[in-house]
Structures are given as C-alpha cells and as structure tokens.
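Reading the structure
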Amino acid sequence: MVSFWLCWGALMAQRLEELLRARRNTRRLLQQGALEVAGGHYPLMVLLHLSWFTLWWVEVLQHGCSWNPGWLPLALAGQGLRLWAQHTLGPRWTTRILIVPGESPVQRGPFAFLRHPNYLGVVFELWAFPMLFGAWRTALVASFANAALLSWRIRQEERAWTATTPSGN
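Just so you know, the residues in each chain are numbered from 1, in the order the chain's sequence is written. Side-chain atom pairs in this predicted model are given and counted only at pLDDT of 80 or more, local residue features only at pLDDT of at least 70, and totals for whole chains, interfaces and linings cover all residues. Heavy atoms throughout the structure, all of them, feed into the side-chain values; hydrogens and water do not.

Overview of the overall build of the protein chain
How we decide: A run of H or I in DSSP counts as a helix once it spans at least four residues, and a run of E counts as a strand once it spans at least two, with each numbered from the N terminus. Radius of gyration: C-alpha atoms only; globule rule: 2.2 Å multiplied by the number of residues to the exponent 0.38. By the convention used here, residues are in contact when the closest approach between their heavy atoms is within 4.5 Å. Only the protein chains shown count as cover for residues, with accessible areas throughout obtained via the Shrake-Rupley method and a probe of 1.4 Å.
The secondary structure content of the protein chain amounts to five helices and two strands. Across the protein chain, helices and strands are ordered from the amino to the carboxyl terminus as α-β-α-α-β-α-α. Scaling as 2.2 N^0.38, a compact globule of 169 residues should have a C-alpha radius of gyration of about 15 Å, and the protein chain matches this with 17 Å. Its C-alpha atoms give the protein chain principal-axis dimensions of roughly 55 × 30 × 25 Å. Nonlocal contacts in the protein chain, meaning residues at least 24 apart in sequence, comprise 86% of its contacts between residues at least 6 apart. When the accessible surface of the protein chain is split by element, carbon and sulfur atoms take 68% of a total near 8800 Å².

Remarks on the packing of helix α2 (residues 42-63) against helix α5 (residues 136-164)
Applied cut-off: Every axis corresponds to a line fitted to the C-alpha atoms, with the helix fit spanning only the stretch in contact, and the corresponding angles, defined between N-to-C directions, vary from 0 to 180 degrees. With respect to orientation, any angle under 35 degrees is reported as roughly parallel, any angle over 145 as roughly antiparallel, any angle of 65 to 115 as roughly perpendicular, and every other angle as oblique. Throughout, the ten residues Ala, Val, Leu, Ile, Met, Phe, Trp, Tyr, Cys and Pro are labelled nonpolar, Asp, Glu, Lys and Arg are labelled charged, and all others, Gly among them, are labelled polar.
For the pair α2 and α5, interaxial distance at closest approach is 9 Å and the crossing angle is 170 degrees. Considered as vectors, α2 and α5 are oriented roughly antiparallel to each other. Along its contact with α2, which presents L44, M45, L48, W52, L55, W56, E59 and H63, the element α5 presents W136, R137, T138, V141, A142, A145, N146, L149 and R153. Within the contact of α2 with α5, the residues separate by chemical class into 11 nonpolar, three polar and three charged.

Comments concerning the side chain of E18
The test is simple: Counting of polar contacts relies on pairs of N or O atoms within 3.5 Å, with two restrictions inside protein: one atom must be capable of donating a hydrogen and the other of accepting it, and residues adjacent in sequence are counted only when both atoms are side-chain atoms.
Tracing the chain through its elements places E18 in helix α1 (residues 2-31). A distance of 3.2 Å separates a polar atom in the side chain of E18 from a polar atom in the side chain of Q86. Ignoring any residue separated from it by four or fewer positions in sequence, one finds E18 in contact with R82, L83, Q86 and W93.

Observations concerning unusual backbone geometry
Applied cut-off: Exposure is judged per residue with a 1.4 Å probe applied to protein chains only, and the accessible area is read against the type maximum: over 50% gives exposed, under 20% gives buried, and values in between give partly exposed.
Backbone geometry at A38 places phi at a positive 50 degrees, although glycine is not the residue there. Here A38 shows up in the loop between β1 (35-36) and α2. For A38, a relative accessible area of 23% gives the class partly exposed.

Considerations on the packing of α2 against helix α4 (residues 117-132)
Inclusion rule: When the near helix sits turned anticlockwise from the far one by under a right angle, the crossing is termed left-handed; a clockwise turn instead gives a right-handed crossing.
Where α2 contacts α4, the two axes come as close as 11 Å, and the packing angle between them is 15 degrees. Taken as axis vectors, α2 and α4 run roughly parallel relative to one another. Between α2 and α4 lies a crossing whose hand is left-handed. The residues of α4 that touch α2, namely those facing H49, W52 and W56, are V122, E125, L126, F129 and P130. Of the residues assigned to the contact of α2 with α4, the class counts are six nonpolar, one polar and one charged.

Focus on the pattern of salt bridges
Just so we agree on the cut-off: What makes a salt bridge here is a side-chain nitrogen of Lys or Arg within 4 Å of a carboxyl oxygen of Asp or Glu, nothing more.
Applying the stated criterion across every chain yields a total of eight salt bridges. With a shortest N-O distance of 2.8 Å, E18 and R82 are connected by a salt bridge. Taken together, the residues span a long stretch of sequence, with E18 in helix α1 and R82 in helix α3 (residues 72-89) at a distance of 64 residues. Of the two residues, E18 and R82, neither departs from the other in class, the shared state being buried.

What follows is the structure, encoded as structure tokens:
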C-alpha cells in the first residue's frame, strides 16, 4: 500500500506542477497573440483528470491494492512520452488548445513520429497506473471517458491548425 501512496502522490504533485507551468505558458502565449480553440471543453478535461485521481484512490481503499508490475513498462512509457513532448514543446506546451497564427505544428522530437505524443502518453498513464495497483475499474472508466474527450479535442486541434497555418499542417 505504501507503493500506491508514493506513486499516487508523485503523480498528483507532477500534475499540479504541470498545471502551474501550463498556466504560465498559456498567459505568455496569449500575450503573444495565440488563439484559444474550443476552450469550453477545458473544465471537462480537468474534471476527468481529477476524477481519475479520486476514483483510483477510492477503488484502492475499497477493494485493496494488488501490485501488478507487468503494467510498469506501459506506465513509464506514458510518462516518457508526455515528458518528451513537454520538453520538445518547451514554452509552447500548455493544457489548452492554443494556436499562434502563422506558426506550424512542431515536427521534431516525438512529434517527428507521432502527431499527438502527449495524448498517447496520457492514454497509457490513465490505463496503466491504476492497473499497477489492481484498480481496473478506474482504468476502464477513465480510459473510456478520455477516449471520448480526446477524439473530440484532437478534431478541434486539427481543424484549428488547418485553418491557421499556411501549409495546412
């Protein structure tokens, strides 16, 4: 159970730091003329992630904790993809959909191989971290909700890039 609390707490701290960094980046990008796309969905995304943490915590408390190390590689792959994407985007990384007119999507780092590596990392994490501790219900519910939200979000992001970049990338 100690491993669960350490993992859960570390991920919660990581997400809070990311939210603070994203907020700073968002402010700066908006000052530089970035346009927010489909901002109305953002509270749903925040709710999804808060629910994931809460459901995971409740499930482990109610049903116990069983360590399943086979899920660790997928969990770490999710972390790696997300961190690589964030590092590659640097000050352009944010949790909102922001488009700076005239700029094109980044094509280096993980973006040279995947269009949305951060989102794939989140998919891996929302599934694998709860599964590490036997919280399959959380993994299932969060993954379905995330799939619905991401499918909509990616469409909005792609439309915005197509509308604002000269080459339609």
